[in-house]
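Each chain, written out:
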Amino acid sequence: MLEVTDVSVSFGGVHAVQDLSFQVNEGEIFSIMGPNGAGKTTVFNVISRFNDVDTGKISFEDEDITKVAPHVIARRGIARTFQNVELFDHETVLQNLLIGQHTRRQTMLLSEVFFLPKVRKQELEFRSKAEDIIDLLHLQSYREKTVDSLPFGIRKIVEVGRALCLDPKLLLLDEPSSGLNPEESEDLSFWIDDINEELGVTIMMVEHDMNLIGQVSNRVLVMADGRHVVTGTPSEVQSHPDVIDAYLGT
Amino acid sequence: MRFVLKTNYGRDIDIFKHRAHASWYFVLIAALLLAPLVLDVFYEKQLTELFIWAIAGAGLMLLTGYSGLVSLGHVAFMALGAYIHAILYSRGWPLFLSIPTSALITGGIGVLIGVASLRMTGIYLAIATLAFAMIVEKVIAHWPALTGGHSGFRVDDPAMFGYSLDSSTAYYYTCLTALVLVFFGVINLLRSPTGRSFIAVRDSEISAQAMGVNLLQTKTLAFALSAGLTGLAGALYAHRIGFLFPDAFTIMTSIMLLMLVVVGGLGSLHGVIFGAFFITIVPQIIAIARDWLPTGIAQSGGLEPLVFGGVLILFLVFEPLGIYGRWVKIRLFFSQFPLYRKKTFLRQKSYLKTERVH
Amino acid sequence: MDTILQLLLKGISQGCVYGLIALGFVLIYKATEMINFAQGELMMIGALIAVTFTEYLQWNYFVAVVLTILATGFIGLLLERSLLRRMIGEPPFAVLMVTIGLGFVLRALAGMIWGHDPQELRTPYSDAVISMGDVFVGVSNLVVIGGTIALCIALFLFFRYTRIGIAMQASSQNQLAAYYLGIPVKRIVAFTWALSAGIAAIAGILFAPLTAITPNIGFSGIKAFAAAIVGGFGSLPGAIIGGLAIGIVEQFMQYNFGKGLGDTSAYFMLLLMLLVRPSGLIASTQKKKV
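Sequence order as written defines residue numbering, which begins from 1 separately in each chain. As they are written, the chains are lettered A onward and the ligands numbered 1 onward, keeping that order. Local features in this predicted model are restricted to residues whose pLDDT is 70 or higher, and side-chain atom pairs enter the listing and the counts only when it is 80 or higher, whereas totals over whole chains, interfaces and linings include all residues.

Q: Can you tell me about the overall build of chain B, naming the residues and giving the values?
A: Counting from the N terminus, the helices are the DSSP runs of H or I reaching at least four residues and the strands are the DSSP runs of E reaching at least two. Regarding its fold elements, chain B presents 16 helices and 4 strands. Within these notes, the globule rule equals 2.2 Å times the number of residues to the 0.38 power, and the radius of gyration is based on C-alpha atoms. Taken against the 2.2 N^0.38 rule, which gives 21 Å for 358 residues, the C-alpha radius of gyration of chain B at 21 Å falls within 12% of a compact globule. When its C-alpha atoms are laid out on the principal axes, chain B stretches across 60 × 55 × 50 Å. Here a residue counts as buried when 20 or more other C-beta atoms sit within 10 Å of its C-beta, as exposed when there are 12 or fewer, and as partly exposed otherwise, the C-beta atoms being derived from the backbone. Going through the 358 residues of chain B one by one, you find that 45% of them count as buried.

Q: Account for the overall build of chain A, naming residues and giving values.
A: From N to C terminus, chain A includes 10 helices and 10 strands. For chain A, whose C-alpha radius of gyration is 19 Å, the value lies close to the compact-globule estimate of 18 Å for 250 residues. Seen through its principal axes, chain A has C-alpha atoms that stretch 65 × 40 × 30 Å. Expressed as a percentage of its 250 residues, the buried residues of chain A come to 44%. Our contact criterion uses C-beta atoms placed from the backbone: two residues qualify when those atoms are within 7 Å. A separation threshold of at least 6 residues defines the contact pool for chain A, and within that pool the share at least 24 residues apart is 66%.

Q: So what's going on with helix α5 (residues 139–161) of chain C? Residues and values would help.
A: Residue and element names in this part refer to chain C. With 23 residues, α5 should reach 33 Å at 1.5 Å per residue; the first-to-last C-alpha distance of 32 Å fits that figure. If you check which residues of α5 are buried, you get S140, N141, V143, V144, T148 and L151. Contact partners of the buried residues in α5: α1 (2–32), β2 (135–138) and α8 (185–207). Each residue after the first adds 1.5 Å to the expected span of a helix.

Q: Now, about the environment of G15 of chain C: what can you tell me, with residues and values included?
A: Tracing the backbone through its elements, the reader meets G15 of chain C in helix α1. In this structure, the C-alpha to C-alpha distance between G15 of chain C and I246 of chain C, residues 231 residues apart in sequence, is 6.3 Å.

Q: So, the sheet that holds strand β6 (residues 78–80) of chain A: which residues are in play, and what are the values?
A: In a beta sheet, neighbouring strands pair by backbone hydrogen bonds and run either parallel or antiparallel. Residues and elements named next belong to chain A. Strand order in this open sheet of 6 strands is β6-β7-β8-β3-β9-β10, and the pairing throughout is mixed. The open sheet has two edge strands with one neighbour each: β6 and β10 (227–232). The mean angle between the axes of side-by-side strands here comes to 20°, regardless of whether they run parallel or antiparallel. The criterion for strand pairing is that DSSP finds at least two bridges linking the strands in question. Inspection of the sheet shows strand β7 (residues 170–174) paired to strand β8 (residues 202–206) by 5 bridges, in the parallel sense. The residue bridging L173 from the neighbouring strand is M205, located in β8. Each axis is a line fitted through C-alpha atoms, taken for helices only over the stretch in contact, and angles between the N-to-C directions span 0 to 180 degrees. Against the sheet, helix α7 (residues 182–197) contacts β3 (29–33), β7 and β8, and its axis sits at roughly 145° relative to β8. Each of β9 (219–224) and β10 is contacted by helix α10 (residues 241–248), which is oriented at about 135° to β10, the strand it contacts most.

Q: Can you break down unusual backbone geometry residue by residue, with the values?
A: Residues and elements named next belong to chain A. The phi angle at R49 is positive, at roughly 70°, despite the residue not being glycine. With respect to the helices and strands, the residue R49 is situated in the loop between α1 (40–47) and β4 (55–60). Owing to 22 C-beta atoms within 10 Å, R49 belongs among the buried residues under this scheme. Positive phi values are uncommon outside glycine, yet H138 reaches one of about 55°. Looking at the secondary structure, you find H138 in the loop between α5 (117–136) and α6 (152–165).

Q: Kindly report on the domain arrangement of chain A, identifying the contributing residues and their values.
A: All names here are of chain A. Domain extents, as shown, originate in an automatic or database domain assignment. Annotation of chain A at the domain level lists domain 1 (1–77 + 168–250) and domain 2 (89–166). Each of domain 1 and domain 2 was reduced to a C-alpha centroid, and the two centroids are 26 Å apart. Each side of the interface is counted separately: domain 1 has 11 residues, and domain 2 has 9 residues. For the side of domain 1 that touches domain 2, the secondary structure elements donating two or more residues are α2 (70–76) and α7. In terms of residue count, α7 provides more of the side of domain 1 that touches domain 2 than any other element does, 3 residues in total. By the convention adopted, Pro, Cys, Tyr, Trp, Phe, Met, Ile, Leu, Val and Ala count as nonpolar, Lys, Arg, Asp and Glu as charged, and the other residues, Gly among them, as polar. Partitioned by chemical class, the residues of the side of domain 1 that touches domain 2 number 7 nonpolar, 2 polar and 2 charged.

Q: Can you tell me about the interface of chain B and chain A, naming the residues and giving the values?
A: Listed as interface residues are 26 residues of chain B and, on the opposing side, 35 residues of chain A. Those elements giving two or more residues to the side of chain B that touches chain A turn out to be α1 (10–13), α8 (168–190), α9 (193–203) and α10 (205–210) of chain B. Ranked by the residues each element gives to the side of chain B that touches chain A, the list is headed by α9 of chain B, at 7 residues. When its residues are assigned to classes, the side of chain B that touches chain A shows 11 nonpolar, 12 polar and 3 charged.

Q: Please provide a residue-by-residue account of the packing of helix α15 (residues 303–318) of chain B against helix α4 (residues 92–114) of chain C, values included.
A: Where α15 of chain B contacts α4 of chain C, the two axes come as close as 8 Å, and the packing angle between them is 150°. On the basis of the axis angle, α15 of chain B is roughly antiparallel to α4 of chain C. In terms of crossing hand, the pair formed by α15 of chain B and α4 of chain C is left-handed. Residue-level contacts link P305, L306, F308, G309, G310, L312, I313 and L316 of chain B of α15 of chain B to A94, M97, V98, G101, L102, F104, V105, R107, A108 and L109 of chain C of α4 of chain C. Taken together, the residues of the contact of α15 of chain B with α4 of chain C sort by class into 14 nonpolar, 3 polar and 1 charged. Orientation is classified from the angle alone, with under 35 degrees giving roughly parallel, over 145 giving roughly antiparallel, 65 to 115 giving roughly perpendicular, and any other angle giving oblique. A clockwise turn of the near helix away from the far one marks a right-handed crossing, whereas an anticlockwise turn of less than a right angle marks a left-handed crossing.

Q: Outline the confidence of the model for chain B, supporting the account with residue identities and numerical values.
A: Residue and element names in this part refer to chain B. The predictor reports its confidence for every residue as pLDDT, a score running from 0 up to 100. Predicted confidence across chain B gives a mean pLDDT of 86, with 93% of residues reaching 70 or more. In the predicted structure, residues 349–358 sits below a pLDDT of 50 and forms 17 contacts with residues beyond four places in sequence or in another chain. Scoring of the predicted complex yields 0.89 for pTM and 0.90 for ipTM.

Q: Which residues make up the nonpolar core, and what are the values?
A: Core analysis: the biggest nonpolar cluster contains 266 residues, and I55 of chain B together with A47, A226 and L270 of chain C have the highest contact counts within it. Once residues within four sequence positions are removed from consideration, I55 of chain B is found in contact with A178, L179, V182, L229, L232, A233 and L236 of chain B. A set of buried residues qualifies as a nonpolar core if it consists of Ala, Val, Leu, Ile, Met, Phe, Trp, Tyr and Cys joined through C-beta atoms within 7 Å.

Q: Now, about the environment of L67 of chain C: what can you tell me, with residues and values included?
A: All names here are of chain C. Here L67 is to be found in helix α3 (residues 61–82). For L67, a count of 17 C-beta atoms within 10 Å gives the class partly exposed. Along the chain, L67 and T192 lie 125 residues apart, while their C-alpha atoms are 18 Å from each other.

Q: Account for the sheet that holds β4 of chain A, naming residues and giving values.
A: All names here are of chain A. With antiparallel pairing, 4 strands are arranged side by side in an open sheet as β2-β1-β4-β5. The sheet is open, and its two edges are formed by β2 (14–24) and β5 (63–64), each paired on a single side. Docked against the sheet, α1 engages β1 (2–11), β2 and β4, running at close to 70° with respect to β2.

Q: Lay out the packing of helix α3 (residues 41–66) of chain B against α8 of chain B in plain terms, naming residues and giving numbers.
A: Residues and elements named next belong to chain B. It is at 9 Å that the axes of α3 and α8 come closest, and there the two elements cross at 20°. Overall, the two elements α3 and α8 adopt an arrangement that is roughly parallel. The hand of the α3/α8 crossing is left-handed. Only S168, T169, Y171, Y172, C175, L176, A178, L179, V182, F183, V186 and L190 of α8 make contact with α3, whose side of the interface consists of V41, E44, K45, L47, T48, F51, I52, A54, I55, A58, L62 and Y66. Along the lines of polarity and charge, the residues of the contact of α3 with α8 split into 19 nonpolar, 3 polar and 2 charged.

Q: Help me get a handle on the pairing of β2 of chain A, residues and values and all.
A: All names here are of chain A. Two elements, β1 and β2, share 7 bridges in a ladder whose sense is antiparallel. Within β2, the position partnered with V7 by the bridge is L20. Counting the residues in the hairpin turn of β1 and β2 gives 2 residues, including G12, whose phi is positive at 45°.

Q: Could you give an account of helix α2 (residues 19–38) of chain B, naming the residues involved and the relevant values?
A: Residues and elements named next belong to chain B. A rise of 1.5 Å per residue sets the reference length of α2, with its 20 residues, at 28 Å; its end C-alpha atoms lie 28 Å apart and thus fit the reference within 8%. Along its length, α2 reaches its greatest deviation from straightness, about 30°, at L32, and the proline P36 lies no more than four positions downstream. Among the 20 residues in α2, 1 count as buried, and that is only a small part of the element. In this scheme, the bend at a residue equals the angle between the axes fitted to the seven residues that finish there and the seven that begin there.

Written out as structure tokens, the structure is:
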């Protein structure tokens, strides 16, 4: 589904990612792990087109997305969350979820100025979709709260919800469990399973928490210093000598 | 506290949240419609000016309050609107064509600035718009063939379909109509995807893009709409002052507009009205205060900038949410009495948030 | 040839003034990421205080200069203490608006205290003219250039070799880390304001003999701001270079195309720079990271 081929990225002489290749298959949960500074988030930023690649190619559903504009990525069906949560802070949870449906907008400016019946109809559709997500993630009690008044754990969940509003085919989760307590983390692992199985969304995530990775992922890619170390099932990877090297250093 | 029973999602989309809400606005509109019957000409003119400021303020609010793009040069759009309309009108265009045309052209110029704005963030944009306003001011002053330059430009009396709108009452209704239409459009826009994309760009450009919002399109649109509305206000203002000259549109006007949105309350349309009220009434208060002050201070031309500057600072330091924010707090105080908690609105104090990367 | 030289000299001396005001902008920006739009007004206040000391009180010029710098620096300190410290952590837009409001207040106050009539700062070198061949140069112009060079050297030495200068650099790079290392960040910020107000006063003293002083000379702060951006915001040498670029271009445009274009050339340069190379001549800032 997503194919990354020989991608290299550097920032002013620092090689963040070097000759990385991997592919994500439809329907799976694919995790990337690695020590800090291994270039995991850069991989995400490259896929969502916030960073340019120096060399290499990225294709999604057999279409080249290496050069498209960042906002087109969402329209192709790739949604993402951010490591440190990038929500629309001054708005309510509901509004955040509504903004998440921007890609499905059908109305033009002029009809919106007069709020024609079709705009109202579309608003109602957006709303019921947002309510579905609220039900799925148990966000009912936060619906009308502004985001900047919510605890960090809830914000992370809201961000996942907002990404789901896009109806994505591929969901990129950047360290979904960081900043969550063990209980929230466990809830999260169930939700990730639900999202994957019930909504049929392919998931790719960057994660540190070996527990979470072990519970949900089908395959794991380990990176170190911007390079590919090993790819395999969680249990294969965990005992692989190169991985132990990468973490402990030799 | 009032709890509204909502039985379908449409209730959240409606402009008026409950019946009392609607009836209050109905009363307000009725009062404004009847006002000319009881008010004398002076107050009528003041209210007309308030409407014009509110239209321009709605324009700037869309840009600064909702899209997070700061413009220090909005006076340029106002001046452009005023001059374009006055020139077209003097060449025989009918009023109902020349006003929208001037708003459209101004909006088009806004598009240019909007495209440029993609390359600049925050403060840089503010400064670029300031530079733009400076240039527009000089162009107007140094192009006498078209604008009359420093000797000014007489605006013909407003008339439509053979009816003169020159009387203060007729013009009052003209501006009130324009204001109501503008607000209707802006409210609708803000509760539909376009308005949400503005807010998305304001709060986080990165995640707006990740949600599929086209930055270029959104910012350009915000600038175009904002410039167009401000141009419309400028065109209406042209008839209000009757005589255009470059010094009528200085940086001071830009600052007044910014003050309007800040003092009124960023990110709220109520704030626009509060802010417009504020900047119309303050000069009157100052005029009255002059009689009470020692002559040395009263005669000084600096009194108005002093008060405006001072009030602006006080609001930013003590009530960044503006008059509307204060109003929300007062309302909450009474509806929750005696359980109001002062800290409800307290936000976490942040450390210096750097935009630099080292 | 002579006119070119003449224009060049005039442009350079004018550019030095822009550069000095821009230095103040950049210093404060580097220390606090605030943009002090009232920097031009601080220069105006400096010039007017100097006038007060020399004209009204008839003090010795050099004593007056030193006291003016100290007095204006003190005003800068007071502003930081009373007002700008409250704005730390607020959005940049709010801070910008506060300093704009401050500019209005300062200008109005200056108008009330000193009046709106043009004033003159007489210096020991006011009327002196040096002739080099056919080119006549006012000593005032040369003093501006010399003063700027001296100040730049002094600032360079200050940031390079004094403890407080190095502490300022550290806290501008990373406030939190500097704080952990025991640098009194609050005091450093306050000192930065005093320093940049002092520099503004020097700009005012140097600029004053070239022009008539009114509360409105603070408006050249906007052009100085353009200078700071053209030079690359956040770079001290950039501020001076940007100032010189704008001063020189302005003189030549004015000579060739009249006052209208001369006055706006700074803004055209600013817009051009923002569009073509937003990071300025000497880049020092980068995009936000996710």
